[in-house]
Amino acid sequence: MTDDPIPGLSRSDPLAAVSPLDGRYAGRTASLSPYASEAALMRARTRVEVEYLIELADLEATPIALDGAEAAALRDLHASFSAEDARLIKDLEVEGAAGYAATNHDVKAVEYFLRVRLEELGEAGTLADPEALFPWIHFGLTSEDVNNLAHRLLVGPAVREVLVPAIREVRDALVELAHEHRDTPMLARTHGQPATPTTFGKEMAVYAARLGRTLGRVDAAVDGLSGKLAGASGTYAAHVAAYPDVDWRGVSRSVVWGLGLDHAPLATQVNPCDDLAALFDALRGVNNVLLDLDLDAWLYVSDRYLGQRAVEGETGSSTMPHKVNPIDFENAEGNLSKANSDLTFLADYVTTSRLQRDLSDSTVKRNVGAAFAHCLVGYSKTADGLAKVVPNEVVMREELEATPEVIGEAVQTILRREGDTDAYERVKALTRGSRVTLEDFRALFDDLDVDPAVREELRALTPAGYTGIAADLADGVATAASAEAGDVSEAGDGSDAADDTTDHRE
């Protein structure tokens, strides 16, 4: 047995990846790497440590100070963070480097990394006395103070910059379909059975509007991400022991707000993570809408309501050359289902901790990126599927015209309007469990004791014309969807309510 089970195949090759997210789907998930990789977490931790150090240097109580140029040089350690920096941190953790023994601790490795880089800044004449800063790196903090902030610095942008645009792409495709096919009549089914006519555009508008509402909840959840910086048990004990007269809650608030997060003033050693759970649940809401869409799109393809553009050179079946399978919707269904399973697990797990802290959540949080990656694959595959489908108006109309019993609702409703107390029963007797034609209906109309104008109104009914204001509803979806749910508070998620336990940014 060799290190490389397949001779000549490097472990860095996507073909050797353990997970399809870094293998088969690497091209679709690459945009998450800046937010979900080990190097990204190192970089985010560096940012937290630097901003905290700068905040300490601004305090009158501490014996350190940084001028504008020195603070800018420290911030550049994060801004210019490189692969070389990430490798040095890993070496400090695993093997030891730059005169430091192996830490076997990922956050401590970042602290020593900063010492190394500060020494270099001192040698370059950028820092006057770098060693004077060493005791103040990670001063009074526990690892979770850094980690909880670093994770949120990655999660928020990953959702905003990668997932949300992918969701919007799907939503925009649905809006386009809604507008283009606003007047395309088709048979609606409830319980799988012929119901009443609708239009294809209106049905796509429903999904676009639902995505708008769920996107609103995602945006609210990202805005609600919060961080803590309160020491080993959340009491600021070490800070107060060192400097009892400093407003450490104010210092914590300043750092957390400066990182663009809400401040969580009450915590144990861990940030309780209810904010992350809310975000994971919001993403599950998006995914559930798209799962519903993918399933319906698959059924529409099966019923020939939707045709599919064949991709040049693509094989649909290894044995049946004629097939064009709805593989994008099927792939999206699988990935979104996997994502929801992961997101459910994450939301449940990260909100619990034994007493004030246990470490089991640390490895779990490293899998957030995988959950997001399955989301992203599902979003992109849904978008691919929508780009290939072509509504088959001929098939839709033919099936609708072949199901004239669907005007029964209109008939009995008009007769009720005219005071016919037996209208429902009359139409039921004609249509329930029977195949009927428009001529059967017209024979019924001829026997009715109604005003001639009403009889003509009834005779004018057709399945294709019985779509209500479906076209107008399809037209209105752009406003509803692009507003990211319109008024999010109407969704009942409480996003507009004040949170008594969180300090919000001004």
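These numbers were taken from a predicted model, which means no experiment stands behind them.

Visitor: Honestly, the confidence of the model for the protein in this entry has me stumped. Any pointers?
Guide: Note that predicted coordinates carrying low pLDDT should not be read in detail. When pLDDT is averaged along the protein, the result is 88, and 90% of the positions lie at 70 or above. Contacts for the low-pLDDT stretch residues 485-501, under 50 throughout, to residues beyond four places or in other chains number 15 contacts.

Visitor: Please explain the packing of helix H18 (residues 438-446) against helix H19 (residues 452-459) as it appears in this structure.
Guide: The description of two helices packed together rests on the angle between their axes and the distance between the axes. For the pair H18 and H19, the least separation of the axes is 10 Å and the interaxial angle reads 170°. Judged on the interaxial angle alone, H19 and H18 are roughly antiparallel. Where H18 approaches H19, its residues Arg442, Phe445 and Asp446 are matched on the opposing element by Arg455, Leu458 and Arg459. Per-class residue counts for the contact of H18 with H19 are two nonpolar, no polar and four charged.

Visitor: Sorry, what's going on with the packing of aromatic side chains here?
Guide: The description of two aromatic rings rests on the distance between their centres and on the angle between their planes. Tallying each qualifying case throughout the model produces 10 aromatic pairs. When the ring of phenylalanine 280 is compared with that of phenylalanine 372, the centres are 6.4 Å apart and the planes differ by 70°; the resulting orientation is edge-to-face. Residue phenylalanine 280 is found in helix H11 (residues 274-302), and its partner phenylalanine 372 is found in helix H14 (residues 368-388); the two are separated by 92 residues along the sequence. Its relative accessible area of 0% is what places phenylalanine 280 among the buried residues. For phenylalanine 372, a relative accessible area of 2% translates into the label buried. Of the aromatic side chains, those joined through ring pairs into one cluster are Trp136, Phe139 and Tyr243. Here the guanidinium or amino end of arginine 253 rests over the ring plane of tryptophan 257, the centre of that ring lying 5.9 Å away.

Visitor: Help me understand the side chain of glutamate 93 in this model?
Guide: Summarising the element assignment, glutamate 93 is placed in helix H5 (residues 83-94). If near-sequence neighbours (up to four positions away) are discounted, glutamate 93 is found in contact with Ala102, Thr103, Asn104, His105, Asp106 and Ala109.

Visitor: Looking at this structure, how should I read a negative patch on the surface?
Guide: On the surface, a cluster of negative charge is made up of Glu119, Glu123, Asp129 and Glu131. Along the polypeptide, glutamate 123 turns up in helix H6 (residues 106-123).

Visitor: Just to check I follow, could you spell out unusual backbone geometry for this structure?
Guide: In terms of backbone geometry, most residues other than glycine have negative phi values and most peptide bonds are trans. One non-glycine residue, alanine 98, adopts positive backbone phi at about 50°. Alanine 98 sits in the exposed class, given a relative accessible area of 53%. Of note, the phi angle at histidine 191 is positive, near 60°, even though the residue is not glycine. Within the secondary structure layout, histidine 191 lies in the loop between strand S1 (185-190) and strand S2 (193-199).

Visitor: Just checking my understanding: could you explain the pairing of S1 for this structure?
Guide: Side chains on a regular strand alternate between the two faces of the sheet. Across five bridges, S1 lies against S2 in antiparallel orientation. In the sheet register, arginine 189 faces S2, and the bridge partner there is proline 194. What sits between S1 and S2 in their antiparallel hairpin is a turn of two residues, with histidine 191 showing a positive phi close to 60°.

Visitor: What exactly am I supposed to notice about the nonpolar core here?
Guide: Soluble, globular proteins show a tendency: their nonpolar side chains are buried together. Judged by nonpolar contacts, the single largest core of 125 residues is most densely connected at Leu74, Trp248, Phe372 and Tyr379. Take this core: its biggest share by element is 16 residues, from helix H7 (residues 143-180). In this structure, tyrosine 379 is in contact with Leu163, Ala166, Ile167, Val170, Leu283, Val286, Asn287, Leu290 and Leu336, ignoring residues within four places of it in sequence. By size, the runner-up hydrophobic cluster in this structure holds 16 residues, among which are Ile407, Val436, Val454 and Leu458.

Visitor: Would you mind going over the packing of H11 against H14 with me for this structure?
Guide: At a minimum axis separation of 11 Å, H11 and H14 run at an interaxial angle of 30°. Viewed along their axes, H11 and H14 adopt a mutual orientation that is roughly parallel. Two packed elements cross with a definite hand, and for H11 against H14 that hand is left-handed. Along its contact with H11, which presents Phe280, Leu283, Val286, Asn287, Leu290, Leu293 and Asp294, the element H14 presents Val368, Phe372, Cys375, Tyr379, Thr382 and Leu386. Looking at side-chain class alone, the contact of H11 with H14 contains 10 nonpolar, two polar and one charged residues.

Visitor: Looking at this structure, I do not really get the environment of isoleucine 414. What am I missing?
Guide: Examined against the element boundaries, isoleucine 414 turns out to sit in helix H16 (residues 408-417). In this structure the C-alpha to C-alpha distance between isoleucine 414 and leucine 458, which are 44 residues apart in sequence, comes to 7.9 Å. Isoleucine 414 has contacts with Val454, Glu457, Leu458 and Leu461, leaving out every residue within four places of it along the chain.

Visitor: How should the environment of leucine 283 be read in this particular structure?
Guide: For leucine 283, the position within the fold is in helix H11. Taking the C-alpha atoms as reference points, leucine 283 and asparagine 340, separated by 57 residues in sequence, lie 8.2 Å from one another. Residues in contact with leucine 283, not counting those within four places in the same chain, are Val159, Leu163, Val218, Leu343, Phe372 and Tyr379.

Visitor: Whenever I open this one, the pattern of salt bridges confuses me. Can you help?
Guide: Side chains bearing opposite charge may pair, as long as their charged atoms lie close to each other. Under the definition given, this model contains 29 salt bridges. The closest approach of N and O atoms between arginine 366 and aspartate 106, which form a salt bridge, is 2.7 Å. On the criterion of sequence distance, the pair formed by arginine 366 in the loop between helix H13 (360-365) and H14 and aspartate 106 in helix H6 is long-range, its members being 260 residues apart. Measuring nitrogen to oxygen at the nearest pair gives 2.9 Å for the salt bridge that ties aspartate 420 to arginine 426. One network of salt bridges, with partners in common, ties together Glu38, Arg45, Asp106 and Arg366.

Visitor: Hey, could you run me through helix H15 (residues 393-401) in this one?
Guide: Because each turn of an α-helix spans 3.6 residues, side chains separated by three or four positions end up pointing in the same direction. Of the residues making up H15, those classed as buried are Val395, Met396 and Leu400. Buried residues of H15, seen end-on, are gathered within an arc of 130° and therefore sit on one face of the element. Residues of H15 that are exposed and point over 90 degrees away from its buried face: Val394 and Glu398. Where H15 is buried, its residues touch S1, S2, helix H8 (200-223) and strand S6 (389-391).

Visitor: Is there a simple way to think about the side chain of threonine 214 in this case?
Guide: As for its placement among the helices and strands, threonine 214 is situated in helix H8. Under the relative-accessibility criterion, threonine 214 is labelled buried at 3%.

Visitor: Before we go on, may I ask you to explain the environment of methionine 42 in this structure?
Guide: Along the polypeptide, methionine 42 turns up in helix H3 (residues 38-57). On the basis of relative accessibility, which here comes to 4%, the residue methionine 42 falls in the buried class. The spacing of methionine 42 and valine 110 is 68 residues in sequence and 7.1 Å in space, taken between C-alpha atoms.

Calculation rules
Residues numbered from 1 in each chain as written. Predicted model: local features only at pLDDT ≥ 70, side-chain atom pairs only at ≥ 80, totals over all residues. Heavy atoms only, no water. pLDDT = per-residue confidence, 0-100. Contact = heavy atoms within 4.5 Å. Axes fitted to C-alpha atoms, helices over the stretch in contact; angles between N-to-C directions. Helix = DSSP H or I, 4+ residues; strand = E, 2+ residues; numbered from the N terminus. Parallel < 35°, antiparallel > 145°, perpendicular 65-115°, else oblique. Nonpolar A, V, L, I, M, F, W, Y, C, P; charged D, E, K, R; others polar. Phe/Tyr/Trp six-rings, centres within 6.5 Å; stacked < 30°, edge-to-face > 60°. Buried < 20%, exposed > 50% of the residue type's maximum accessible area, 1.4 Å probe, protein only. Lys NZ or Arg CZ within 6 Å of the ring centre and 35° of its normal. Patch = residues over 30% accessible without salt bridge, like charges linked within 9 Å, V, L, I, M, F, W, Y side chains within 5 Å. Areas by Shrake-Rupley, 256 points an atom, 1.4 Å probe, with all protein chains shown as cover. Salt bridge = Lys/Arg side-chain N within 4 Å of Asp/Glu carboxyl O. Lys, Arg positive; Asp, Glu negative; His and termini not counted. Charge placed at Lys NZ, Arg CZ, Asp CG, Glu CD. Pairing = 2+ DSSP bridges. Core = buried A, V, L, I, M, F, W, Y, C linked by side-chain atoms within 4.5 Å. Left-handed = near helix turned anticlockwise from the far one by under 90°. Arc of directions from axis to C-beta.

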